[in-house]
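Chain by chain, the residues:
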Amino acid sequence: MSNKVLITNDQKAVKVPSGLRILIRRACTAVLEYEHFGMPAEISVTFVDNAKIAELNNQYRNKPMPTDVLSFPLGEDGKYDTDESNGCALLGDIVISMERAMEQANLYGHPLQREVAFLTVHSMLHLLGYDHEAGGLAAMRMREKEEAVLLQLGLPRTVSYTAEED
């Protein structure tokens, strides 16, 4: 039983670092394991630029501006359709602005890989039904889960990062 993470690069603004696709697959799997998701899952991840994510953000959330990541869950109340050909639960789509991820990585002083891993983990939790929009306890629990998964991936927050030469 293995998860399927379909990754598409639909942008030319930022060079996708080597190893990033592997890290994204690891991040998706780590969240599923952490959440004891009992079956293989299929997730689609698409890299876009700021213009494209602003368009999607406007279309789906009435916010005509770029954001870092958008999640499009396919499940509802913990129930997911299954891909008959491979038995995978269809979790949904993650759309990441590589431009915004790069801006944020620079802002926080850590590598692009770390930022994209965080955005992937964050979005995976959304696909599994977690929400932080209301703030409060739900947002705190989501943050704790993000931290725990990133720690498992060897990407704790507290470490000072040095960008690796590619």
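For the structure, check the block above.
The model shown is predicted, which means the values in this text are computed figures rather than measured ones.

Caption draft 1: The overall build of the protein chain, seen in detail. What the protein chain contains, in helices and strands, is five helices and five strands. For the protein chain, the C-alpha radius of gyration of 15 Å lies close to 15 Å, the compact-globule estimate for 166 residues. C-alpha extents for the protein chain along the principal axes are approximately 40 × 35 × 35 Å. Within the protein chain, the proportion of its 166 residues that are buried is 45%. In the protein chain, the share of contacts with a sequence separation of at least 24, taken over all contacts with a separation of at least 6, comes to 68%. Accessible area for the protein chain stands at about 9,200 Å²; split by element, carbon and sulfur atoms hold 50% of it.

Caption draft 2: Summary view of helix α5 (residues 136-152). Here α5 spans 25 Å end to end across 17 residues, near enough to the 24 Å set by a 1.5 Å rise per residue. Among the residues making up α5, those that are buried are Met142, Lys145, Glu146, Val149 and Leu150. Across the axial projection of α5, the buried residues extend over an arc of 130°, all falling on one side. Residues of α5 that are exposed and angled more than 90 degrees away from the buried face: Gly136, Leu137 and Leu151. Just beyond α5, the residue with positive phi is Gly154, at close to 80°.

Caption draft 3: Quick look at the side chain of Lys145. Following the sequence through the fold, Lys145 ends up in helix α5. With residues up to four places along the chain from it excluded, the contact list for Lys145 reads Tyr34, Glu35, Leu125 and Tyr130.

Caption draft 4: Region of the structure containing the packing of aromatic side chains. Within this structure, the stated rule accounts for two aromatic pairs. Considering the side-chain rings of Phe37 and Tyr80, the 5.5 Å spacing of their centres and the 75° angle between planes classify their relative orientation as edge-to-face. Taken together, the positions of Phe37 in the loop between α1 (20-34) and β2 (41-48) and Tyr80 in the loop between β3 (69-73) and β4 (82-83) put the pair 43 residues apart, joining distant regions of the chain. Measuring from centroid to centroid gives 4.9 Å for Tyr60 and Phe72, while their planes differ by 70°, and the two rings are edge-to-face. With Tyr60 in helix α2 (residues 50-61) and Phe72 in strand β3, the pair connects residues that are 12 residues apart, well separated along the chain.

Caption draft 5: Region of the structure containing the packing of α1 against α5. Contact geometry for α1 and α5: axes closest at 10 Å, N-to-C directions at 120°. With respect to each other, α1 and α5 are oriented oblique. Of the two possible hands of crossing, α1 and α5 adopt the one that is right-handed. Contacts from Ala27, Ala30, Val31 and Tyr34 of α1 reach α5 at Lys145, Ala148, Val149 and Gln152.

Caption draft 6: Quick peek at the packing of helix α4 (residues 112-127) against α5. Between α4 and α5, whose axes approach to 10 Å, the crossing angle comes to 130°. Between α4 and α5, the interaxial angle falls into the category oblique. The interaxial crossing formed by α4 with α5 has right-handed handedness. Seen from α4, the contacting residues are Arg114, Ala117, Phe118, Val121, His122, Leu125 and His126; seen from α5, they are Met142, Arg143, Lys145, Glu146, Val149 and Leu150. Each residue belonging to the contact of α4 with α5 can be placed in one class, and the counts come to seven nonpolar, two polar and four charged.

Caption draft 7: Local environment of unusual backbone geometry. Positive phi, close to 50°, is recorded for His36, a residue that is not glycine. In this structure, Asp77 is a non-glycine residue whose phi angle is positive, near 50°. Mapped onto the elements, Asp77 comes out in the loop between β3 and β4. Judged by relative accessible area, Asp77 falls into the exposed class, the value being 71%.

Caption draft 8: Main features of the side chain of His122. Mapped onto the fold, His122 is located in helix α4. The contact partners of His122, leaving out residues within four places of it in the chain, are Val69, His132, Met142 and Glu146.

About the criteria used
- Residue indices begin from 1 for each chain and proceed along its sequence in written order.
- Since the coordinates come from a predicted model, pLDDT governs what is reported: local features require at least 70, and pairs of side-chain atoms require 80 or more to be given and counted, while whole-chain, interface and lining totals use all residues.
- Excluded from the side-chain calculations are hydrogens and water; all other atoms, namely the structure's heavy atoms, are used.
- Each helix is a run of DSSP H or I of at least 4 residues and each strand a run of E of at least 2, with the numbering of both proceeding from the N terminus.
- The size measure is the radius of gyration over C-alpha atoms, and the globule rule it meets is 2.2 Å times the number of residues to the 0.38 power.
- The cut-offs for exposure are 20% and 50% of the maximum accessible area for each residue type, with area from a 1.4 Å probe on protein chains only; residues under the lower value are buried, those over the upper are exposed, and the others partly exposed.
- Here, residues are in contact when the closest pair of their heavy atoms is within 4.5 Å.
- The protein chains shown are the only cover counted for residues, whose accessible areas, like all others here, come from Shrake-Rupley with a 1.4 Å probe.
- Helix span is expected to be 1.5 Å times the residue number reduced by one.
- The arc under discussion is defined with respect to the helix axis, by the directions toward the C-beta atoms.
- Between the rings of Phe, Tyr and Trp (Trp by its six-membered ring), a pair exists once the centres lie within 6.5 Å; its type follows the angle of the planes, with under 30 degrees stacked, over 60 edge-to-face, and the other angles tilted.
- Note on geometry: axes are C-alpha line fits, over the in-contact stretch for helices, and angles between N-to-C directions span 0 to 180 degrees.
- Working definition: roughly parallel below 35 degrees, roughly antiparallel above 145 degrees, roughly perpendicular at 65 to 115 degrees, and oblique for all remaining angles.
- In a left-handed crossing the near helix is turned counterclockwise from the far helix by less than a right angle, and in a right-handed crossing that turn is clockwise.
- Ten residue types, Ala, Val, Leu, Ile, Met, Phe, Trp, Tyr, Cys and Pro, are classed as nonpolar, four, Asp, Glu, Lys and Arg, as charged, and the remainder, Gly among them, as polar.

Purely geometric numbers; function is a separate question.
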